[in-house]
Each structure stands twice: as C-alpha cells, then as structure tokens.
Amino acid sequence: MAEEKIYNRIALLRTDRGVSRRELAEALGAHYQTIGYLERGEYSPSLSLALRIAEYFDVPVESVFSTKPFPPLT
C-alpha cells in the first residue's frame with residue numbers, strides 16, 4: 001500500500017504569522033529544511049511533530065493537516 005499523501009497549511013500559517021522556516025524549525029527542535037519538505041508535501045510528519053506544529057500555532061491539528069486537499073480560503 002502506498003503511503004497516503006498528507007496535506008498541510010504550514011506555509012499559510014507561517015506566513016500569516018510572519019514566522020520564517022528557520023524560526024519555526026528552531027521553535028520545534030527540527031531542521032529548517034524539514035519545514036520546507038513538510039510544506040511541499042515531500043515529507044509527512046511524525047505524530048509528535050504534527051502535534052508540536054499545531055501547538056506552536058495554537059490551532060487544532062486538523063486545522064494544519066488533512067488527508068484531503070484543503071478548500072481555498074477565499
């Protein structure tokens with residue numbers, strides 16, 4: 001079975017809050033390139049990392065990650 005694609009709004013949340021990839025990575029204890037891989041959908045986060053990202057942005061994890069594409073915000 002192929003790994004299921006995980007969609008995310010990390011880039012949207014990050015830019016909305018004025019946070020760089022490096023700043024987010026440092027706050028999460030991750031490498032800044034990992035944030036780029038996550039944003040581009042090239043890497044799915046561990047449950048622990050997904051929860052830390054949601055906690056960082058103070059939103060529910062399902063507001064950041066989904067198994068279906070997010071609808072446009074407009």
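For the structure, check the block above.
Right, let's walk through the structure included here. This is a predicted model, so every value here is computed, not measured. (Residues numbered from 1 in each chain as written. Predicted model: local features only at pLDDT ≥ 70, side-chain atom pairs only at ≥ 80, totals over all residues. Heavy atoms only, no water.)

1. Looking at the packing of aromatic side chains
How two aromatic rings sit relative to each other is given by the distance of their centres and the angle of their planes. Using the criterion set out here, one finds one aromatic pair in the structure. The ring centre of Y7 lies 5.2 Å from the NZ or CZ of K5, which sits over that ring. Cation over ring: R22 sits above Y32, and NZ or CZ is 4.0 Å from the ring centre. (Phe/Tyr/Trp six-rings, centres within 6.5 Å; stacked < 30°, edge-to-face > 60°. Lys NZ or Arg CZ within 6 Å of the ring centre and 35° of its normal.)

2. Regarding the environment of T15
Inspection of the secondary structure puts T15 in helix α1 (residues 10-16). Engagement of the side chain of T15 in a polar contact is seen with the backbone oxygen of A11, the distance being 2.6 Å. (Helix = DSSP H or I, 4+ residues; strand = E, 2+ residues; numbered from the N terminus. Polar contact = N/O pair within 3.5 Å; in protein donor to acceptor, adjacent residues only side chain to side chain.)

3. Details of the nonpolar core
I10, L24, I35, I53 and V64 are the most contacted members of the largest nonpolar core, which has 15 residues in total. Per-element tally for this core: the top contributor is helix α4 (residues 47-57), with five residues. Excluding residues within four positions of it along the chain, I35 makes contact with I10, R14, R21, L24, A25 and L28. (Core = buried A, V, L, I, M, F, W, Y, C linked by side-chain atoms within 4.5 Å. Buried < 20%, exposed > 50% of the residue type's maximum accessible area, 1.4 Å probe, protein only. Contact = heavy atoms within 4.5 Å.)

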